[in-house]
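Here is how the chains run, residue by residue.
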Amino acid sequence: MTGPGELEPRMNATTSTSPRVWGCAGGGPGRTGLAAHSGDVRTPPARTLKASAGVQAAVVFDAEQRALVADMLGMVQAFDADGHRLWQRQLDGAVSATPAVDLDHGRLFVGTHAGRIYGLKIADGTVLWQSRLPSAGDPRIVADLLYLPDPERLVASSWGGQFHALAAASGGTLHTWNAGISPQAAASADAKNNLYCLRAVRDEGVSLVRVASDGRETVLHRSPEGERRANRAVVAAAPVIDDARSLLYFIANGDRVGRVFAWDLATDRLKWSVEFERAIVASPALRPDGSLLIADMTGTLSVVDSGSIRFRYDTGCDYLLAGPVSNGSNVAYLGDPAGWVHRVNSDGTGKAFLEAQRSLQARPSWSPAGDLFLPAMDGRVHVFGHAGLP
């Protein structure tokens, strides 16, 4: 049963990977970008939320339908379901990594470019704890955060090259592991709470790594170094996990090309791969039909199914930085660096339906009510209302 204003999830093979409340980038630990509802969005935007600066982090939500927005001045704000600001909290550095929400205990976790992680009370913005990630080099936290409830832990990495699993209640370090050179890709998790991450290592290339809850690592796959070596490899897209089909998708870019891989979690074997003309920095998204949405550095959104590219949609932009999201009808939405918002149909046709004043560099988010939240670098978050089920 659902409460007032809530949507009944559309039942399909990916319902388990489509949480109603998006508490992290891409929705849930699998980062699928897939909504638990069907139906289009209304235009123009129903409202806008005002941040203090440009917003690169995706909007996240709690169980009370509060929208949580963090911006490039380090300001964190909470808004109610009608767009009224509830509180704001200034942190010590810019925020570009999407925060993560603990839905059970009402906590928000935020990482800054100063290398500090904050645990905030969502009800009023009170700082519960703060912890600095140790780094001998650049301390910036740029990879999206991940919270797992069992056991309660927060996963983060800094540009210093280490992943950290932190105790969610205190910020204390539980264990660490190598994040590779210049890590930007976030960690993801499957239904069994295994973590998956990507790392670039000199003389090894780009590796897909599984990390158990006790910190034990298993290297599942290595993509060898190219001529430009691992230190020039772009490792930015998070793994995407389709638990319903026991598949994991990951990006391992080559010298100039982008490569998408499908890993079979049931057999721990590579299932297929497909190569793109240019690198891919945006996290993919899953559609309900099991196909994958890939936004690449040619400015194209592609639909990939079983290792074949089925459709291509040209945004008209030179490149794409932020990943798409999908609804329960296989319709995709994404923003581009030229400021256009695009709607792409299930057959790959589409069009831009809004021009923002500045670049769109954050992944969209679905609210618990089915509204689409899309942040922009002009400090506005555009909120598109849900148009209802078809």
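Just so we're clear, the structure is a prediction, and the values are computed from it rather than from any experiment. (Residues numbered from 1 in each chain as written. Predicted model: local features only at pLDDT ≥ 70, side-chain atom pairs only at ≥ 80, totals over all residues. Heavy atoms only, no water.)

1. Observations concerning the sheet that holds strand β9 (residues 127-132)
How we decide: By this definition, two strands are paired if DSSP reports at least two bridges between them. Only DSSP runs of H or I with at least four residues qualify as helices, and only runs of E with at least two residues qualify as strands; both kinds are numbered from the N terminus onward. For helices, the axis comes from a line fit to the C-alpha atoms of the stretch in contact; other axes are also lines fit to C-alpha atoms, and the angle between any two N-to-C directions lies between 0 and 180 degrees.
Strand order in the open sheet made by the 4 strands is β6-β7-β8-β9, with antiparallel pairing throughout. Every other strand in the sheet has two partners, leaving β6 (100-102) and β9 as the edge strands with one partner each. On average, adjacent strands in this sheet sit at an angle of 20 degrees to one another, irrespective of strand direction. As paired strands, strand β8 (residues 116-121) and β9 are joined by 5 bridges and run antiparallel to one another. Bridge pairing links Tyr118 to Gln130 in β9.

2. Re the packing of aromatic side chains
The relative placement of two aromatic rings is captured by the distance of their centres and the angle of their planes. Quick reminder of the rule: A pair of aromatic rings is counted whenever rings of Phe, Tyr or Trp (Trp by its six-membered ring) have centres within 6.5 Å, and the orientation is called stacked for planes under 30 degrees apart, edge-to-face for over 60 and tilted otherwise. Buried residues are those whose accessible area, probed at 1.4 Å on protein chains only, stays under 20% of the maximum for their type, while exposed residues exceed 50% and partly exposed ones sit between those limits.
Under the definition given, this model contains 8 aromatic pairs. Measuring from centroid to centroid gives 5.9 Å for Tyr249 and Trp272, while their planes differ by 45 degrees, and the two rings are tilted. With a gap of 23 residues between them, Tyr249 in strand β19 (residues 247-251) and Trp272 in strand β21 (residues 269-276) connect regions that are remote in the sequence. The burial state of Tyr249 is the same as that of Trp272; both residues are buried. Ring pairs connect the aromatic residues Phe109, Trp129 and Tyr147, which therefore count as one cluster.

3. Quick look at the pattern of salt bridges
Put simply, the rule is: Any carboxyl oxygen of Asp or Glu within 4 Å of a side-chain nitrogen of Lys or Arg constitutes a salt bridge here.
Applying the stated rule across the entire model yields 18 salt bridges. Salt-bridge contacts for Arg47 lead to Asp371; the nearest nitrogen and oxygen are separated by 3.8 Å. Placement of the pair is Arg47 in strand β1 (residues 47-50) and Asp371 in the loop between β30 (365-366) and β31 (372-375), with a sequence separation of 324 residues. Across the pair Glu275 and Arg259 runs a salt bridge whose closest N-O atoms are separated by 3.1 Å. Placement of Glu275 in strand β21 and of Arg259 in strand β20 (residues 258-264) is noted, with a sequence separation of 16 residues between them. Take Glu275: its relative accessible area is 47%, and that puts it in the partly exposed class.

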